[in-house]
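Structural overview for review
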Amino acid sequence: MAGRGIRVRLDGSASNNDVAALKAWLEREKPLDDRVRDGQLQILERPRAGGPPGHMGAGMEILLVVIGAGAEAVFRELLDQTRRAVDAWLENRRRVESGDSPEARVDPVNPDQG
């Protein structure tokens with residue numbers, strides 16, 4: 001898989017169910033959904049790479065892969081949209097689920113490097 005990507009990881013109390021729920025949330029976010037429909041973006045769930053030793057949280061992560069050679073400004077916009085969508089999901093989860101909320105990280109990444 002070539003191109004640039006955005007990795008979304010949930011830590012702390014996160015489960016694989018949380019990862020699946022967040023992926024579904026991202027797939028329904030209008031700006032991200034529009035890019036998926038236009039063939040500019042893929043949203044994938046994959047086994048977590050490079051976790052810390054003894055990591056007990058979710059074993060999966062979400063990878064948003066930008067398809068084609070997008071301009072830096074477009075990539076930054078997508079990164080910001082993804083961060084806002086993850087923040088909205090976390091806020092929604094806090095309102096509807098009991099217990100500790102997971103911690104989220106949204107980072108740019110080269111998908112080939114993990």
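No experiment lies behind these values; they were computed from the predicted model shown.

1. Some details on the packing of helix α2 (residues 30-37) against helix α3 (residues 72-96)
Each pair of packed helices can be summarised by the angle the axes make with each other and by the distance between the axes. Two numbers describe how α2 lies on α3: the axes approach to 9 Å, and their chain directions differ by 130 degrees. Taken together, the axes of α2 and α3 lie oblique to each other. Contacts from Pro31, Leu32 and Arg35 in α2 reach Val74, Glu77, Leu78, Gln81, Thr82 and Ala85 in α3.

2. Overview of the confidence of the model for the protein chain
Averaged over all residues, the pLDDT of the protein chain equals 83, while 82% of them reach at least 70. Per-element mean pLDDT across the protein chain ranges from 88 in strand β3 (residues 60-66) up to 93 in helix α1 (residues 16-28).

3. What to know about α3
With 25 residues, α3 should cover 36 Å at 1.5 Å per step; its first-to-last C-alpha distance of 36 Å lies within 8% of that length. Among the residues of α3, those classed as buried are Phe75, Leu78, Leu79, Gln81, Thr82, Ala85, Val86, Trp89, Leu90 and Arg93. Packing partners of the buried residues in α3 comprise β1 (5-11), α1, α2, β2 (41-47), β3 and β4 (103-109).

4. Details of the packing of α1 against α3
Closest axis-to-axis distance for the α1/α3 pair is 10 Å, and the angle between their directions is 125 degrees. Taken together, the axis directions place α1 and α3 in an arrangement best described as oblique. As α1 packs across α3, the resulting crossing turns out to be right-handed. Where α1 abuts α3, its residues Asp18, Ala21, Leu22, Trp25 and Leu26 lie against Ala85, Val86, Ala88, Trp89, Asn92 and Arg93. Here the residues of the contact of α1 with α3 sort into 8 nonpolar, 1 polar and 2 charged.

5. Focus on the pairing of β1
Most of β1 sits inside the fold, with 7 of its 7 residues counted as buried. Of the two faces of β1, the one holding Gly5, Arg7, Arg9 and Asp11 and the one holding Ile6, Val8 and Leu10 are both buried throughout. Pairing of β1 with β3, which is carried by 4 bridges, proceeds in the antiparallel orientation. Bridge pairing in β3 places valine 8 opposite isoleucine 62. Summarising the sheet, β1 and β4 pair through 7 bridges and their orientation is antiparallel. In the strand pairing of β4, isoleucine 6 is matched with proline 108.

Rules of the game
- In this numbering scheme, every chain counts its residues from 1 along its sequence in written order.
- Where totals are concerned, whole chains, interfaces and linings use all residues; where local detail is concerned, this predicted model gives features only for residues with pLDDT of at least 70, and gives and counts side-chain atom pairs only at 80 or more.
- Computation of side-chain values covers all heavy atoms of the structure but excludes hydrogens and water.
- Fitted lines through C-alpha atoms serve as axes, helices being fitted only where they are in contact, and the angles separating the N-to-C directions of these axes extend from 0 to 180 degrees.
- Segments assigned H or I by DSSP are reported as helices when at least four residues long, segments assigned E as strands when at least two residues long, and all are numbered from the N terminus.
- Angle categories are assigned with fixed cut-offs, so that under 35 degrees is roughly parallel, over 145 is roughly antiparallel, 65 to 115 is roughly perpendicular, and the rest are oblique.
- A contact between two residues is defined here by any heavy atoms of the two lying within 4.5 Å.
- As a per-residue measure, pLDDT reflects the predictor's confidence and takes values from 0 up to 100.
- One fewer than the residue count of a helix, multiplied by 1.5 Å, yields its expected span.
- Note on exposure labels: buried denotes an accessible area under 20% of the residue type's maximum, exposed denotes more than 50%, and partly exposed covers the range between, all computed with a 1.4 Å probe on protein chains only.
- Helix crossings fall into two classes, left-handed where the near helix is turned counterclockwise from the far one by less than a right angle and right-handed where it is turned clockwise.
- Three categories are distinguished: nonpolar for Ala, Val, Leu, Ile, Met, Phe, Trp, Tyr, Cys and Pro, charged for Asp, Glu, Lys and Arg, and polar for the others, with Gly belonging to the last.
- Strand pairing is assigned whenever DSSP identifies at least 2 bridges connecting the two strands.

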